Amino acid sequence: MVTLREARRDKGWSQTAAVSRLRALAEAGRVEVASAASLKTQLSRWENGTVPEEPYRTLLAELYERDLADLGIDVTPHWERSHEIPGLLVEIRDELRAIRALLADR
């Protein structure tokens, strides 16, 4: 598995180049996508962990010639991941406590 950023860098592309290729793929498939500027912002968000919506997931898989799982994109519906939520809430609580402690020490 690789991250979207790693997949892009493996191709030797900048974000701008990846966006250009992504838009070309979309145009060839007659898929409507955001403007280049907006898409570059979205690509940055996706590379930082935001899960892309369709049709972007399919386009990214095609762009990087990998399936979604190989790109670290979990498309499991949230209701099927509900067992993870209590653990995540505990992690968030602990992180907030640690941040508060750091701020209090300042």
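Residues numbered from 1 in each chain as written. Predicted model: local features only at pLDDT ≥ 70, side-chain atom pairs only at ≥ 80, totals over all residues. Heavy atoms only, no water.

In the nomenclature of an unreviewed UniProt entry, the protein chain corresponds to Transcriptional regulator with XRE-family HTH domain from the organism Actinomycetospora corticicola.

**A look at the packing of helix α2 (residues 15–28) against helix α3 (residues 36–47)**
When two helices pack together, their arrangement is given by the angle between the helix axes and the distance between those axes. The condition is simple: Each axis is a line fitted through C-alpha atoms, taken for helices only over the stretch in contact, and angles between the N-to-C directions span 0 to 180 degrees. Each helix corresponds to a stretch of at least 4 residues labelled H or I by DSSP, and each strand to a stretch of at least 2 residues labelled E; elements are numbered beginning at the N terminus. Oblique is the label for every angle not falling under 35 degrees (roughly parallel), over 145 degrees (roughly antiparallel), or within 65 to 115 degrees (roughly perpendicular). Handedness of a helix crossing follows the sense of rotation of the near helix relative to the far helix, less than a right angle counterclockwise being left-handed and clockwise being right-handed. Whether two residues are in contact is decided by their heavy atoms: any pair within 4.5 Å suffices. Side-chain classes follow a simple rule in which Ala, Val, Leu, Ile, Met, Phe, Trp, Tyr, Cys and Pro form the nonpolar group, Asp, Glu, Lys and Arg form the charged group, and the remainder, Gly included, forms the polar group.
Taken N-terminus to C-terminus, the directions of α2 and α3 make an angle of 115°; their axes are 9 Å apart at the nearest point. In terms of their interaxial angle, α2 and α3 are classed as roughly perpendicular. Seen from above, α2 lies across α3 with right-handed handedness. Only Ala36, Leu39, Lys40, Leu43, Ser44, Trp46 and Glu47 of α3 make contact with α2, whose side of the interface consists of Gln15, Thr16, Ala18, Val19, Leu22 and Arg23. For the contact of α2 with α3, the class distribution of residues is seven nonpolar, three polar and three charged.

**Looking at the packing of α3 against helix α4 (residues 56–64)**
Packing of α3 against α4 brings their axes to within 13 Å, and their N-to-C directions diverge by 80°. Comparing the axis directions of α3 and α4 gives the class roughly perpendicular. Where α3 approaches α4, its residues Leu39, Gln42, Leu43, Trp46 and Glu47 are matched on the opposing element by Tyr56, Leu60 and Tyr64. Here the contact of α3 with α4 is composed, by residue class, of six nonpolar, one polar and one charged.

**Digging into the pattern of salt bridges**
Inclusion rule: When a carboxyl oxygen of Asp or Glu lies within 4 Å of a side-chain nitrogen of Lys or Arg, that pair is called a salt bridge. Using a 1.4 Å probe on the protein chains alone, a residue whose accessible area is under 20% of its type maximum counts as buried, one over 50% counts as exposed, and one in between counts as partly exposed.
Enumeration according to the criterion identifies six salt bridges in this entry. The residue glutamate 65 makes a salt bridge to lysine 11 at a minimum N-O spacing of 2.8 Å. Separated by 54 residues along the polypeptide, glutamate 65 in the loop between α4 and α5 (85–105) and lysine 11 in the loop between α1 (4–10) and α2 bring together distant segments of the chain. Judged by relative accessible area, glutamate 65 falls into the exposed class, the value being 63%. Of the charged contacts, one joins arginine 57 and glutamate 53 as a salt bridge, the two residues approaching to 3.8 Å between their closest N and O atoms. On the basis of relative accessibility, which here comes to 15%, the residue arginine 57 falls in the buried class. Each of the salt bridges in this network shares a partner with another, and the network as a whole consists of Arg5, Arg8 and Glu47.

**Describing the layout of surface pockets**
Note the threshold: Using protein atoms alone on a 1 Å grid, points that fit a 1.4 Å probe yet trap it form a cavity, whereas open point sets bounded by protein on both sides within 12 Å along at least five of seven lines form a pocket; residues with an atom within 4 Å of a point count as lining. Grid points are joined across faces, edges and corners, and a volume is the space filled by probe spheres set on the points.
Roughly 200 Å³ of volume is contained in the largest pocket. If you go around the largest pocket, you meet 13 residues; those closest to its centre are Trp46, Gly49, Leu71, Gly72 and Ile73.

**Digging into the packing of aromatic side chains**
Put simply, the rule is: The criterion for an aromatic pair is that two Phe, Tyr or Trp rings (for Trp, the six-membered ring) have centres within 6.5 Å, with stacked assigned to planes under 30 degrees apart, edge-to-face to planes over 60 apart and tilted to the rest.
Enumeration over the complete set of coordinates arrives at two aromatic pairs. On the basis of an interplanar angle of 35° and a centroid distance of 6.0 Å, the ring pair of tryptophan 13 and tyrosine 64 is categorised as tilted. Taken together, the residues span a long stretch of sequence, with tryptophan 13 in the loop between α1 and α2 and tyrosine 64 in helix α4 at a distance of 51 residues. Here the two residues tryptophan 13 and tyrosine 64 agree in accessibility, since each one is buried. With a centroid separation of 5.1 Å and an interplanar angle of 45°, the aromatic rings of tryptophan 46 and tyrosine 56 are classed as tilted. In this pair, tryptophan 46 is assigned in helix α3 and tyrosine 56 in helix α4, connecting sequence segments 10 residues apart.

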